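Below, each chain spelled out in residue letters.
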Amino acid sequence: MLQKKVCMLGSFSVGKSSLVRRLVESMFDEQYHTTIGVKVDKKVVNTGGEDLTLVLWDIYGEDVFQKMRMSYLRGMHGYILVADGTRRQTLEDALALNERVVAEVGKVPALLALNKSDLTDQWEIDPAREAQLTAAGWTLEHTSAKTGDAVEKAFLHLAQAMLAK
Amino acid sequence: MPAHSIFESFLAGQGCALFEYLGDGDFRLLGEWPDWCANIWGAQPNSDQPIGLAGKSPFLGNFLVDAEEFWRTRSPGSANSGNWIERGADGREIPMEATARSLDGKRILLLQNLSETFGQQQQWFQTARNSLLEHEKLLKEIQKKEILLHCIVHDLTQPLSAMNGVFNLLERENLPAALRKYIKAGERESQRQERMIRGILEAFSSDLAAQQSRETSAAEAPDLLACAKQAIEEFSPAFRERQIGLSLGAHAGSSRGWRVVGDSSRIDRILGNLLENAMRYAPKASTVTIGLENHEGFVLAFVDDEGPGLPPDQRPEQLFALFSKGKSHAGKAGLGLYFCKITVERWGGAIGAEIRKGGGSRFWFRLPRVSQSAENVTTAASRSKSVDKETPHSHKKAEKSLRILIAEDAELNRDLIIELLKKRGHVAIGVTDGRRALAALEEHDFDVVLLDEEMPGMTGLQTTAAIRRREAATGKHQIIIGISGHATADDEHRFREAGMDSSLAKPVEVKTLYKAVESAARNLHSTAAHSQPQHAAEPGAATAPAAAPSVAAQARADSSAHAGAENEDALTHLRRTTGGNEKLIRSLAATFLADAPKALGRMRSAVAKKNAAELASAAHLLKGSLAIFGAPKAVASARHLEALGRANNLREATASLRTLESEFALLQHELRAIHSAAKPKSQAPRQSRVSSKGARQKK
């Protein structure tokens, strides 16, 4: 079966591990458990009648304590850049990280997940900013690892983009 | 037990498994196959059989590329994989780490189960990151409260400003003396209330703002002696009126310099509060003295009075507590000294009060002195040099005075451009739309016309078309420069296609503006000197003078030269765009503070009433004003709201308006600081409108 390496990238506590857990195990934990290191999971998805194994690299979130090793991105077919929609700065951090990723591995299919979409009252990313990002070529999904909203859709979208490449 | 067996057992006991790399992703086990390996990868393989570890673990497979490179280059030391997690057959997560080494010419890989230490590491990271999240939350809460407070204060002060205005108007009427007395009293009280409300704002917002607005470099740090002199200058009339002397006492150790950590506008306010306090208690014919002393590491400033001393029922430190006030002055909010205390303490200083030996009281504060290190001096010198180089040049009078017409609906933008052009020695006339521009052109000759792209009634492009149509009959060519909210190459192209000669991006920067108008006019004159006028010009056709160097392109280059400009605060932005014209900056801030809330109010009302056209119009006006102060986020929100209004789509308008309001409140806060930093004498009347005097009347 065809396999594609997908990396989950973004700041700490934006919900990368939760998105993977929601996709792989259909589960969500309210409590925040920080990720140290890398955790690799697999998930078979079907897109266009074709089965595809996503090898999901859940890479620890960057912060003042840990910087990401670019060697983890080797052989990556696509990535999901995750930002927390209730913390505007995580979007800017994610975009800064994206620049380093593109410089390292070049252009590969990517999707921007604005996670925690269930927390509408705390949402900090305004439509104008989203419109800017879309205009800049980003595929955007409002995901919620908690409710499962748009999680599978986001991964399927990326899968299709990777297969189309 | 053989030595190697002891060693292998020891390694296994330490949670390690040792392998020799055979190539092609295969390994040979050296020693024991620990239980945790069995949990992850199954039972121990046959000792003769190579183990394909790279195939068993994608992470390890990835690390093997680095490890192979390490072994190939015979690098010293070791290569480390970083932590990763494997899941065992029993579902347990096993944290691991791989290390590659070369030993006796062999390529050795050590796999280590980190379960024992990982928990502790995890806990440490968890705690640290939770703290970061808590900190973020707290900052957000503070910011929310700040914005709320600003909104409340704004709502409270707005009627007072109106009342002050009414009192001012009444004062000018020819009223009986008794009535004038009442009006004066009313005015005084409303002003007092306004000061108290502002005091509340400053006291409660100083926590954040004070931290953000502190200078620690010698070049930028406030000079306490200069602040003291300024305070004396400002307060002398009030003291004289009360027949109290005010003087600057001896300042000891002056050779060391008086630069301290802090922010000059807030130091001014602290000194102001202490002087107001002294003025209330000092008896007639006495003297209040401001003194400075230079001590090791800090500067001490004090205000001495000859009054009754400190209240006997209060300890000195209680005077600086929140809402502390003397019984005889019940009208005071009790915030002034509290504001001084929290501000000074935020800067690492201290504040206090004491009874003077000879009678009276001393209120003092001390602030850390900023050392004039060689580096700072150099930086300051080079910075001042660059300012010297730029500012006078920017406002140097032009070689030739030009007559310039500006059509721009946003008042603040119009005023800014007019003022900058006047500084340069040009004659500038402002009108609010395209039709008025056409009317002005009927009446007067202008060397250059600046047209805003988006104006109500007749846009800049429509006005250009009308001007060019008229020129078909006269054969003249009017220099037209378009002003656009953007500075893209597409805009520039569009403007030229429409018949404009050049374009400028908003907010207009001083250097770019001068360059645009002067080079365009110069080109026109040189063309006129060398050729006869041509006729029947198509828009943008050959009658246009040799194109002025692409000003929009220059603006783009300038803006990229100001990398990070989008993060600069309003004051820095204004200093850059106005060439450091402080008077103009204060005037712009005052005008914005007075007018922009009305535009925002119009937008609120338009959203509430679902009036899309009104929303687009008000958002357009506000967008232009906001752009003058940088404020990219606020501008983007206003632009979005304008677009929503034009598209008659108000679904997202409430959320966008909320964003705009937040950004607006932050900008207001910055501008109030700029405004309040102004001396009272310069706070005054707004820029007077430019008259048409000076433009050449058409015969």
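Check the entry above for the structure.
These notes cover the structure that comes with them.

Procedures and definitions
- Residues numbered from 1 in each chain as written.
- Chains lettered and ligands numbered in written order.
- Predicted model: local features only at pLDDT ≥ 70, side-chain atom pairs only at ≥ 80, totals over all residues.
- Heavy atoms only, no water.
- Pairing = 2+ DSSP bridges.
- Helix = DSSP H or I, 4+ residues; strand = E, 2+ residues; numbered from the N terminus.
- Axes fitted to C-alpha atoms, helices over the stretch in contact; angles between N-to-C directions.
- Contact = heavy atoms within 4.5 Å.
- Patch = residues over 30% accessible without salt bridge, like charges linked within 9 Å, V, L, I, M, F, W, Y side chains within 5 Å.
- Areas by Shrake-Rupley, 256 points an atom, 1.4 Å probe, with all protein chains shown as cover.
- Salt bridge = Lys/Arg side-chain N within 4 Å of Asp/Glu carboxyl O.
- Buried < 20%, exposed > 50% of the residue type's maximum accessible area, 1.4 Å probe, protein only.
- Phe/Tyr/Trp six-rings, centres within 6.5 Å; stacked < 30°, edge-to-face > 60°.
- Buried area = accessible area lost by both parts, 1.4 Å probe.
- Polar contact = N/O pair within 3.5 Å; in protein donor to acceptor, adjacent residues only side chain to side chain.
- Nonpolar A, V, L, I, M, F, W, Y, C, P; charged D, E, K, R; others polar.
- Core = buried A, V, L, I, M, F, W, Y, C linked by side-chain atoms within 4.5 Å.

Looking now at the sheet that holds strand 17 (residues 502–505) of chain B. Residue and element names in this part refer to chain B. Ordered by their spatial adjacency, 5 strands build an open sheet running 13-12-15-16-17, and the pairing between neighbours is parallel. Where the open sheet ends on each side, the last strands, each with one partner, are strand 13 (427–431) and strand 17. Neighbour-to-neighbour, the strand axes of this sheet turn through a mean angle of 20°, independent of strand direction. Judged from the 4 bridges that link them, strand 16 (residues 479–484) and strand 17 form a sheet pairing that is parallel. Paired with G482 across the bridge in strand 17 is S503. Most of the contacts of helix 11 (residues 411–423) go to strand 13, to which it runs at about 170°, and overall it touches strand 12 (403–407), strand 13, strand 15 (448–452) and strand 16.

The next subject is a nonpolar patch on the surface. Together, V64 and F65 of chain A together with W124 of chain B give the surface a local cluster of nonpolar side chains, amounting to about 340 Å² of exposed area. Among the secondary structure elements, F65 of chain A is positioned in the loop between strand 3 (50–59) and strand 4 (78–84). The class of F65 of chain A is partly exposed, set by a relative accessible area of 33%.

In this section: helix 3 (residues 127–135) of chain A. For an α-helix, the turn length of 3.6 residues means that residues three or four places apart are oriented alike. Where helix 3 of chain A is concerned, the buried positions are A128, E130 and L133 of chain A. Buried positions along helix 3 of chain A lie against helix 2 (88–105), strand 5 (110–115) and strand 6 (140–142) of chain A together with helix 20 (632–646) of chain B.

All names here are of chain B. Here strand 10 (residues 350–355) pairs with strand 11 (residues 361–368) via 6 bridges, running antiparallel. From the neighbouring strand, G352 faces strand 11, where its bridge partner is W364. Two successive antiparallel strands, strand 10 and strand 11, enclose a turn made up of 5 residues, where G359 displays a positive phi of approximately 105°.

Residues and elements named next belong to chain B. Inspection of the entire model under this criterion finds 13 aromatic pairs over all chains. Residues F19 and W33 carry aromatic rings whose centres are separated by 6.4 Å and whose planes lie at 90° to one another, so their mutual orientation is edge-to-face. One end of the pair, F19, is in strand 1 (residues 16–23); the other, W33, is in the loop between strand 2 (26–30) and helix 2 (35–41), and 14 residues separate them in sequence. Note on W33: relative accessible area 9%, which makes it buried.

It is worth spelling out the interface of chain B and chain A at this point. In this assembly, 33 residues from chain B lie in contact with 32 residues from chain A. Between chain B and chain A the total buried area reaches about 2,700 Å² when both faces are included, carbon and sulfur atoms providing 55% of it. Among the residues chain B hides against chain A, the three largest losses belong to N62, I85 and R129 of chain B. Together they make up 22% of the total. Salt-bridge contacts for E124 of chain A lead to K140 of chain B; the nearest nitrogen and oxygen are separated by 3.2 Å. Our count for the chain B to chain A interface comes out at 20 residue pairs in polar contact (both at pLDDT 80 or more). For the side of chain B that touches chain A, the elements supplying multiple residues, two or more each, are helix 4 (58–72), strand 4 (84–87), helix 5 (115–172), helix 20 and helix 21 (653–676) of chain B. It is helix 5 of chain B that contributes the most residues to the side of chain B that touches chain A, 13 residues altogether. The residue inventory of the side of chain B that touches chain A, partitioned by class, reads 12 nonpolar, 13 polar and 8 charged.

Turning our attention to the nonpolar core. Judged by nonpolar contacts, the single largest core of 61 residues is most densely connected at L450, M603, L626, F629 and L660 of chain B. Residue contributions to this core peak at 12 residues, all from helix 18 (residues 582–608) of chain B. Those residues in contact with L660 of chain B, other than ones at most four positions away along the chain, are L600, M603, L622, L626, A634, S637, A638 and L641 of chain B. Judged by nonpolar contacts, the second largest core, of 54 residues, contains A83, L97 and L140 of chain A together with W71 of chain B.

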